[in-house]
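Architecture and fold: a report
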Amino acid sequence: MADLTPTTAPAQQSQPAPPAGAGPDLAALRAAIDNIDDAMHDLLMRRAALAAGMAAGRVKAGGPTFRPGREAAILRRLLARHEGPLPRPVVARLWRDIIASSLAQQGPFSMAACGAADGAAAHAARGHFGLLTRLTLHPTPAGALAAVAAGEATVAILPAAERGDRPAAAWWMQMQVPRLQVLAALPFLAGPEGARPEALAVAAFRPEPSGRDRTLLRFAGVNDVGRIGGALAALGLPPCRVIWHHARAALAEVEGFLDPADPRLAALPFSSVQVLGAYAEPFCDAPARPTPTHPEEPPA
Ligand SMILES: C=C(O[C@@H]1C=C(C(=O)O)C=C[C@H]1O)C(=O)O
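Residues numbered from 1 in each chain as written. Predicted model: local features only at pLDDT ≥ 70, side-chain atom pairs only at ≥ 80, totals over all residues. Heavy atoms only, no water.

The name recorded for the chain in an unreviewed UniProt entry is chorismate mutase, from Roseomonas haemaphysalidis.

Printed below as a string of structure tokens:
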């Protein structure tokens, strides 16, 4: 691990003199912060060069540059090891911006969200892919999906499906699969346990597992939606959630990353079951453990 202990060596010789009254401790701490900033900046430049090199060197062999499963695994690892006063949402914010910039290093990347600029989908899109990623707004989810299908945007950001959505809002019923797939849920850092994703990202390629995933299954022509949960559970796929629509369609969310060729799907007693995609299970936030500044008092 890098030695980040405060040193008195200034990072730059041209620092302004500390204000009158500021003691040597303040100057030493500021010098330590300057050294850390330089070290972080060096590492960020090295990271960006590696990401840019992946695209330039065709390491990805023409496959998609956007790999949400890998992104989720990175954030999950960092959030799990995180401690101290820096809030976890800040860690997620910083890395989402770093990753969004590395996507931009690797080729064109843009988003199509439905709704208004201050709407939920645009907010989730900006939160996940940063302020600098190109965003186009579409009046309907179908418009955002059409932009991705036409290659005008890399990902569509759509509100997460809810029971009782009007037909025009229930985009999952019409989405063209397998060409389009759900491959991420936003935000990755969820609120307290049980919080649902605000939005889903859809693109024209297959999702990849992140290690902890959920798969979305679309059922069409369903006469008795009440049978879906039991039928899935009987095959070892108990759904976390089933939502349905009066047009005899249902959307079930199951634990794990399911391959569309998984034989259990063909064994389901429904005429049409399709994998709509999968996403990394969001990380549930818990208060960061504070770093003790004093040795703990022994119990009385
Ligand atoms: C660097 C990569 O490309 C993208 C950027 C990532 C990053 O900045 O860590 C991770 C996954 C990809 O979406 C990669 O595939 O590893």
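**Regarding the overall build of the chain**
Counting secondary structure elements, the chain contains seven helices and eleven strands. Excluding contacts between residues fewer than 6 apart, the proportion of contacts in the chain whose partners are at least 24 apart in sequence is 72%. (Helix = DSSP H or I, 4+ residues; strand = E, 2+ residues; numbered from the N terminus. Contact = heavy atoms within 4.5 Å.)

**Points about the nonpolar core**
In a soluble, globular protein the nonpolar side chains are often hidden away together inside. Counting 46 residues, the largest nonpolar core has Ile157, Trp171, Trp172, Met175 and Val202 as the members making the most contacts within it. Elements with a contribution of two residues or more to this core: β1 (110-114), α4 (120-129), α5 (141-149), β3 (155-159), β4 (181-186), β6 (199-203), β9 (249-255) and β10 (272-280). Met175 has contacts with Leu145, Leu180, Gln181, Val182, Val202, Arg218 and Leu276, leaving out every residue within four places of it along the chain. Core analysis: the next-biggest nonpolar cluster, separate from the first, contains 17 residues, Ala231, Leu237, Leu258 and Leu268 among them. (Core = buried A, V, L, I, M, F, W, Y, C linked by side-chain atoms within 4.5 Å. Buried < 20%, exposed > 50% of the residue type's maximum accessible area, 1.4 Å probe, protein only.)

**Quick notes on the environment of Val275**
Summarising the element assignment, Val275 is placed in strand β10. Measuring from C-alpha to C-alpha, the distance between Val275 and Arg218 comes to 6.3 Å, with 57 residues separating the pair along the chain. Here Val275 is in contact with Val177, Gln181, Thr215, Leu216, Leu217, Leu258, Pro260 and Leu265, once residues within four sequence places are set aside.

**A look at the packing of helix α3 (residues 88-105) against α4**
Remark: α3 packs on α4, axes separated minimally by 7 Å, with the N-to-C direction vectors making an angle of 80 degrees. Here α4 runs roughly perpendicular to α3, going by the angle between their axes. For the pair formed by α3 and α4, the contact residues are Arg93, Arg96, Ala100 and Leu103 on the first element and Arg126, Gly127, His128 and Phe129 on the second. Here the contact of α3 with α4 is built from residues that sort into three nonpolar, two polar and three charged. (Axes fitted to C-alpha atoms, helices over the stretch in contact; angles between N-to-C directions. Parallel < 35°, antiparallel > 145°, perpendicular 65-115°, else oblique. Nonpolar A, V, L, I, M, F, W, Y, C, P; charged D, E, K, R; others polar.)

**Quick word on the packing of helix α2 (residues 68-81) against α3**
For the pair α2 and α3, interaxial distance at closest approach is 10 Å and the crossing angle is 150 degrees. With respect to their mutual orientation, α2 and α3 come out roughly antiparallel. Seen along the crossing, α2 lies across α3 with a hand that is right-handed. Only Arg88, Val91, Ala92, Trp95, Arg96, Ile99 and Leu103 of α3 make contact with α2, whose side of the interface consists of Glu71, Ile74, Leu75, Leu78 and Leu79. (Left-handed = near helix turned anticlockwise from the far one by under 90°.)

**Describing α2**
For α2, which comprises 14 residues, the first-to-last C-alpha distance of 20 Å matches the rise-based estimate of 20 Å (1.5 Å per residue) to within 8%. The complete set of buried residues in α2 reads Pro68, Gly69, Glu71, Ala72, Ile74, Leu75, Arg76, Leu78 and Leu79. (Expected span 1.5 Å × (residues − 1).)

**With respect to unusual backbone geometry**
Residue Pro178 is reached from Val177 by a cis peptide bond, and omega for that bond is 5 degrees. With an omega dihedral of -5 degrees, the bond running from Leu186 to Pro187 counts as a cis peptide bond.

**Observations concerning the packing of aromatic side chains**
Taken as a whole and assessed by the stated rule, the structure comprises five aromatic pairs. Ring centres of Phe66 and Phe109 lie 5.3 Å apart, and the angle between their planes is 75 degrees; on these two criteria the pair is classed as edge-to-face. Taken together, the residues span a long stretch of sequence, with Phe66 in the loop between α1 (24-56) and α2 and Phe109 in the loop between α3 and β1 at a distance of 43 residues. Judged by its relative accessible area of 12%, Phe109 is buried. Aromatic side chains Phe66 and Phe129 sit 5.6 Å apart centroid to centroid with 70 degrees between the ring planes, which places their arrangement in the edge-to-face category. Here Phe66, found in the loop between α1 and α2, pairs with Phe129, found in helix α4; they are 63 residues apart in sequence, far enough to count as distant. Look at Phe66 and you get buried, because its relative accessible area is 2%. Here a set of aromatic residues connected by ring pairs shows up, and it is made of Phe66, Phe109, Phe129 and Phe205. (Phe/Tyr/Trp six-rings, centres within 6.5 Å; stacked < 30°, edge-to-face > 60°.)

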